[in-house]
Amino acid sequence: MNELIAPPLPFDMKPRAREAVRDLKLQQFVGSATHLKDIHRGGIFDRDFGHDYDALRTVARDTKQHALDHLDELLEQFIANARASGATVHAATTGAEACEIALRIARAHGALSCVKSKSMVTEEIGLLPAFEAAGIKTLETDLGEFILQIDGDAPSHIVTPMIHKDRVATAQSFVRELGARYTEDPTELTMIAREHMRGLYRAADIGVSGANFLLADEGAAVICTNEGNFDLSVGGPPVHIVFVGIEKLIRGARDLAPFLKLLARSGTAQPLTVYTSFVRGPRRAGEHGGPKELHFVLVDAGRVGVLASEKRDLLRCIRCGACLNACPVYRKVGGHSYGSMYAGPIGAVLTPELERAQAGGGAGLANYADLPRASSLCGACYEVCPVKIDIPKFLLHDRARLRERGLSPKSEGAMLRLWRWLAERPMLFRLAIGAARLHARLLGQKDGSRAWLRAAPGPGAGWTQSRDLGMPTGERFRDWFATHAAKRDTKRGAR
Amino acid sequence: MRVALFTTCLAEALAPRALKAAVLVLEHCGVAPEVPLAQTCCGQPLLSNGLPNDGAKLAQRMCEIFAPYDAVVTPSGSCCSVVREKYAGLFAEGSRERANANVLAAKTFEFIEFLETQLKIDPTTLKPKDCSANARCATLTCHDACHLRGLHRHGCTAPFLRSAGCGTVRDLPDMSQCCGFGGMFSTQFPEVSSALGDEKLAHFTSTGAAVLVASDTGCAAHLAGLAHRKGVAIRVISPAEAIAESLGLLAREVTSANASTEAAMHPKNGTEVG
Ligand code: SF4
């Protein structure tokens, strides 16, 4: 698998984050794209829902939570209804199992080529490398994923996977990999990709996709795309496999409306994605399109474990990407800094949790100790989440677990405990503040009412790496207030 | 009504002038705040960095210290949000501690919020009578602390100051993006934190304002510190200071960084006032 999204563990985020901050192109592309998306997201919700936006999110939150709380029943219903419609349903506990199931299907049909539409769960289970290793040539048909594929790059955003790249890079790759003529025109670039893909669609032995929702009542899947590539991947090849995490289940079409209203608006500020496709059963007698065989692979890969944990709310995520677009840290460090296909705020909490909950049990937080700390806790993610996942709460939860397990720096913990000890002793606490002020007065550079330190000692060193520390030099507030209050009280007494 | 000023450790250490301004403005509005002596830190650094039990000890202290008061006012948006949103959850449901935390949460307010929603101050009544005195306040722009989001107070400072006639209040582009402070995040990921701060400073500079009003001491120290390192001319103050200056309750500070800009903008008012 690509090291960018499946790095060796334990994963060290800091070097990647540092590099990303210095990468001017990344700053420009990711910064402007996320800002724009975030602004347009706010705009379209204001325009279309106004004050009802919050109520809509509450409905979506409760509907999805209800589904998760009844996941076992919904699974049974889905399986029964999907089978009744002629589909084959498989369950995979691990990513490896999911790949194995797909390989079995492919082998049964002697498949040598595959067209795949965008799916995060296939990134998660490593389907593409498994297919390639088995000699099944696989084409990513989502334009962004296609460009990443020919570049050997990896997605850095769950909705706009190539957010870290631009047209120039795309143009160059098309010249290099497809022998196309150089153009930066988006329409021409799309046409080049289209020409390249069309033939491959027709020739492919197998189609693969993910799904945005699974409908238990109908035994069907709902797939939201903007390029129509899913419809081609399901319409052409004789066999189609839908890979889907079990948390995508909802009761049925009756519950779909709030999610469709929220998903595309949250992600790309569209009222709906260009295509909202429903897949139910294989091709029936008399039908002209559709696969002769339709398979659903229901993937656990840790989800059952997450469901049983305190972090079950995370499974409500509909992968809209709004929290990534709104996150100041994501905007600066980009997706690859998170070492996972799930980047940004949701990735920071979901990645370690899914890894922990894998069959066999991963080390979880111990493997991703930086992720919960890489947040200023600004709360923008929670504010934009269409299913109201309180991501900051889970970041704090993880920070506490890190501390308990001794996975945070020891010196930092000791300092914080000393701080608490001091804070319980007001006299000493004030003395400590006084000492810090004195230090600055003696060693700092005086400017107006402050003394500025360019290099602070001990815990202040991280601070002064990039900023000066300005300590006030004048009267202390408490001293001022004592005099002031005394005057105030005499005045009052005199009245 | 007995009102206590919840000073916060950071403001006592780094922003005594903000506290002084808070007292003076409250008095101007007819409230004489008290300053409980035993208060230290609300526990935010502990609660945000994986030590909820240690934080809970300080939360309990806070509940006791502020028990005698009817209202608690603080110039720090983030400390306010900790008391309001985090305290109760630290204690078992049905416990006395939880009840105390709920009581404190219900009576704790950020400074501008307190003026607006509790004292019901019409900001236009805070307009300086002497219009020429208005020039004392430079052109300013506001950055609200992210933690005001949870209190539904994000973006409320600028309109209030504008109505209160605190000089010319310009809109800060992309105000809603975090300034990058984030408590210990600022030292754990200094590059990311500073990059965000630099972006904030660039937006500030684009407004042409001389003063940045920040509704949290941490954000203020972070941005002022970055600017000082880079030699960016900026004066970072709290909302209370902006009002106190505009009302002539506090003299405007002059530092080498802002002296030239401010003197250029307000040639007669660049120096000490009343
Ligand atoms: S956590 Fe919420 S905002 Fe983020 S991707 Fe998932 S649904 Fe969207």
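Residues numbered from 1 in each chain as written. Chains lettered and ligands numbered in written order. Predicted model: local features only at pLDDT ≥ 70, side-chain atom pairs only at ≥ 80, totals over all residues. Heavy atoms only, no water.

(A) Local environment of the site of the ligand. Within the structure, the ligand sits among 13 residues, and Cys317(A), Cys320(A), Gly321(A), Cys323(A) and Cys385(A) are positioned closest to it. Tallied by class, the residues present in the shell around the ligand amount to 11 nonpolar, one polar and one charged. (Near = heavy atom within 4 Å. Nonpolar A, V, L, I, M, F, W, Y, C, P; charged D, E, K, R; others polar.)

(B) Geometry of the pattern of salt bridges. Residue and element names in this part refer to chain A. All told, the structure shown has 48 salt bridges over all chains when counted by the stated rule. Between Asp48 and Arg265 there is a salt bridge whose closest N-O contact spans 3.0 Å. Note that Asp48 is positioned in helix α2 (residues 24-49) and Arg265 in helix α12 (residues 257-268), a separation of 217 residues in sequence. Classification of Arg265 by relative accessible area gives buried; the value is 10%. In this structure, Asp151 and Arg176 form a salt bridge, with 2.7 Å as the shortest nitrogen-oxygen distance. Taken as a pair, Asp151 in helix α8 (residues 143-151) and Arg176 in helix α9 (residues 167-178) lie far apart in primary sequence, 25 residues in all. One network of salt bridges, in which partners are shared, links Asp151, Asp153, Lys165, Arg176 and Glu177. (Salt bridge = Lys/Arg side-chain N within 4 Å of Asp/Glu carboxyl O. Helix = DSSP H or I, 4+ residues; strand = E, 2+ residues; numbered from the N terminus. Buried < 20%, exposed > 50% of the residue type's maximum accessible area, 1.4 Å probe, protein only.)

(C) Summary view of the domain arrangement of chain B. Residues and elements named next belong to chain B. We note that the domain assignment places domain 1 (3-116) and domain 2 (124-264) within chain B. Taking the mean C-alpha position of each, domain 1 and domain 2 sit 22 Å from one another. Contacts between domain 1 and domain 2 engage 31 residues on the former and 31 residues on the latter. Between domain 1 and domain 2, roughly 2,400 Å² of surface is buried when both sides are summed, and carbon and sulfur atoms account for 67% of that area. (Domains from an automatic or database assignment. Contact = heavy atoms within 4.5 Å. Buried area = accessible area lost by both parts, 1.4 Å probe.)

(D) The sheet that holds strand β3 (residues 137-140) of chain A, seen in detail. All names here are of chain A. Taken together, the six strands give an open sheet; going across it, the order is β1-β10-β7-β4-β2-β3, and neighbouring strands pair in parallel fashion. Because the sheet does not close on itself, it has two edges, and the strands there are β1 (88-92) and β3. Within the sheet, the average angular offset between the axes of one strand and its neighbour, ignoring direction, is 20°. Two elements, strand β2 (residues 113-116) and strand β4 (residues 206-209), share three bridges in a ladder whose sense is parallel. Paired with Cys114 across the strands is Ile206, a residue of β4. Set on the sheet, helix α10 (residues 186-203) makes contact with β2 and β3; between it and β3 the angle comes to about 130°. (Pairing = 2+ DSSP bridges. Axes fitted to C-alpha atoms, helices over the stretch in contact; angles between N-to-C directions.)

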